[in-house]
Amino acid sequence: MNIENKLSNIESIVQSGLDEKKTCTILELINATHLFPKELFDEFKLYDEYLPQIKVLPLTLEQKFLHLLWEIFDKLPLSLITNFAVPFRRILAQKLFKKCGKNFIAMEGVRFNFGQNIEVGDDVFLNREVFLDGKGGITLGNFVTLTEKVEIYTHSHLEYNHGKRIYAPVKVEDFAKVFSHSMLLPGIVVGEQAVVAARSVVTKSVDPNTFVAGIPAKPIRERKNRGRSKQQLGHVWFHNAAFQE
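For every chain, the first residue of its written sequence is number 1, and the numbers climb from 1 along that sequence. Local features are withheld for residues below a pLDDT of 70 in this predicted model, meaning they are given only at 70 or higher, and side-chain atom pairs are given and counted only at 80 or more; totals for whole chains, interfaces and linings count all residues. Excluding hydrogens and water, the side-chain values take into account all heavy atoms of the structure.

In terms of regular secondary structure, the protein is built from 4 helices and 19 strands. This radius of gyration counts C-alpha atoms alone. The globule rule is 2.2 Å times how many residues there are, raised to the power 0.38. The C-alpha radius of gyration computed for the protein amounts to 19 Å, which stays within 12% of the reference 18 Å derived for 245 residues, consistent with globular compactness. A principal-axis box enclosing the C-alpha atoms of the protein has dimensions of 55 × 50 × 25 Å. To sort residues, take the accessible area from a 1.4 Å probe on protein chains only and compare it with the maximum for the residue type: under 20% means buried, over 50% means exposed, and anything in between is partly exposed. Classification of the 245 residues of the protein by burial places 49% in the buried group. Any two residues whose heavy atoms approach within 4.5 Å at even a single point are treated as in contact. Partitioning the contacts of the protein with sequence separation of at least 6, the portion at a separation of at least 24 is 36%. Residue burial considers only the protein chains on display, and all accessible areas are found by Shrake-Rupley using a 1.4 Å probe. Approximately 12400 Å² of the protein is accessible, and the part contributed by carbon and sulfur atoms is 50%. Runs of E in the DSSP output that reach at least two residues are strands. Runs of H or I that reach at least four are helices, and both are numbered from the N terminus.

Structure follows, in structure tokens:
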């Protein structure tokens, strides 16, 4: 079975609604049955299920299966085949996330919790090892890019009682870019067309068209747009706009 046919079969199965049998079929299609024995289906629990927010954001059985497939996939040689891996993750994300727009791209190592509390616009690109803490809610606008090892956090702990948590959503607006190893903290908004420099820690909201850098991140200058905006900024992630229609 070639790549196109395999992906088509997987998409049909996922769109029909996952159960244990269908999940097993997908594990067979991606050659992953050795990583998850069938006898574990009756008792396995995910990391999310041990977090306090599970009371607010309960997982359906289908969501558990989708998370399982997402996590298992990165442990397979098949995940290295980009023309299979990108569409495969896209198929899962369309069901895992609260919203997932067209042309979504996620590379290997992208991890998240509570996908049902994450909204993703069109043409969003998540590079290797991005982490999304969905507990408080995350919204990524159209043509947003998060490059390698960007982390977004939507909760914090009180110093006097670690068991007390505060949740606040994070939003990254259209055409914003967040560069490698940067961290976005709870409650902030990265404005439209803003740029966060590499290794920055963003503790306050970023104005539109603003370039910020540092720990904590501070405004440095306006984005060098040269009079361009939105589509003119050329947020194309791969050569010849691969995976972007």
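Having put the structure on the table, let's press on.
Before going further, it helps to examine the nonpolar core. For the purposes of this section, nonpolar cores are sets of buried Ala, Val, Leu, Ile, Met, Phe, Trp, Tyr and Cys residues that join through side-chain atoms within 4.5 Å. One finds Phe104, Leu126, Leu140, Leu146 and Ile152 to be the most contacted residues of the largest nonpolar core, which totals 63 residues. Elements represented by at least two residues in this core include exactly α1 (3-15), α2 (20-29), α3 (61-73), α4 (82-96), β4 (118-120), β7 (138-140) and β12 (170-172). An automatic or database domain assignment provides the domain bounds reported here. Two domains each provide a minimum of three residues to this core, namely domain 1 (1-96) and domain 2 (98-244). Setting aside its immediate chain neighbours within four residues, isoleucine 152 contacts Phe131, Leu132, Asp133, Ile138, Leu140, Leu146, Val170, Val172 and Leu184. By size, the runner-up hydrophobic cluster in this structure holds 5 residues, among which are Val86, Ile105, Phe125 and Trp237.

Let's shift gears to unusual backbone geometry. Between isoleucine 215 and the following residue, proline 216, the backbone shows a cis peptide bond with an omega angle of -5°. With respect to the secondary-structure elements, proline 216 resides in the loop between β18 (210-213) and β19 (218-222). Even without glycine at this site, alanine 241 takes up a positive phi of about 55°. Its place among the elements puts alanine 241 in the segment after β19. A relative accessible area of 25% places alanine 241 in the partly exposed class.

Our focus in this paragraph is the domain arrangement of the protein. Under the domain assignment, the protein is made up of domain 1 (1-96) and domain 2 (98-244). Its C-alpha centre places domain 1 at a distance of 25 Å from the equivalent point of domain 2. With 22 residues of domain 1 in contact, the opposing surface of domain 2 contributes 22 residues. Across the interface of domain 1 and domain 2, roughly 2000 Å² is buried in total on both sides, 61% from carbon and sulfur atoms. Whenever Lys or Arg places a side-chain nitrogen within 4 Å of a carboxyl oxygen from Asp or Glu, that contact is recorded as a salt bridge. In this assembly, domain 1 and domain 2 are joined by 1 salt bridge. Polar contact is defined as a pair of N or O atoms within 3.5 Å, subject to the rule that within protein one atom must be able to donate a hydrogen and the other to accept it, and that residues adjacent in sequence are counted only when both atoms are side-chain atoms. The interface formed by domain 1 and domain 2 contains 11 residue pairs in polar contact (both at pLDDT 80 or more). Sorting the residues of the side of domain 1 that touches domain 2 by element identifies α3 and α4 as the ones contributing at least two each. Per-element tally for the side of domain 1 that touches domain 2: the top contributor is α4, with 9 residues. Put simply, buried area is the surface a 1.4 Å probe can reach on two separate parts but cannot reach once they are joined, added for both.

Quick look at the layout of surface pockets now. The gaps of empty space that remain are located by a probe, the size of a water molecule, rolled over the atoms. A cavity, in this analysis, means grid points on a 1 Å lattice covering only the protein atoms where a 1.4 Å probe fits yet has no way out; a pocket is instead an open set bounded by protein on both sides within 12 Å along at least five of seven lines, and a residue lines either one if it has an atom within 4 Å of a point. Grid points are joined across faces, edges and corners, and a volume is the space filled by probe spheres set on the points. Of the volumes computed, that of the largest pocket is approximately 270 Å³. What lines the largest pocket is simply Leu35, Leu46, Tyr47, Asp48, His67, Glu71, Ile72, Lys75, Arg111, Phe112, Asn113 and Phe131. Secondary-structure elements contributing two or more residues to the lining of the largest pocket are α3 and β3 (111-113). Here the lining of the largest pocket gathers at least three residues from each of two domains, domain 1 (1-96) and domain 2 (98-244).

This paragraph deals with the pattern of salt bridges. Inspection of every chain in the model, using the stated rule, returns 8 salt bridges. When the shortest N-O distance is used, the salt bridge between glutamate 71 and arginine 111 registers 3.2 Å. Residue glutamate 71 is found in helix α3, and its partner arginine 111 is found in strand β3; the two are separated by 40 residues along the sequence. Judged by its relative accessible area of 22%, glutamate 71 is partly exposed. Of the residues examined, arginine 111 reaches a relative accessible area of 48% and is grouped as partly exposed. For aspartate 74, the salt bridge is made with arginine 89, and the minimal N-O distance between the two is 2.9 Å. Here aspartate 74, found in the loop between α3 and α4, pairs with arginine 89, found in helix α4; they are 15 residues apart in sequence, far enough to count as distant. By relative accessible area, which is 3% here, arginine 89 ends up buried.

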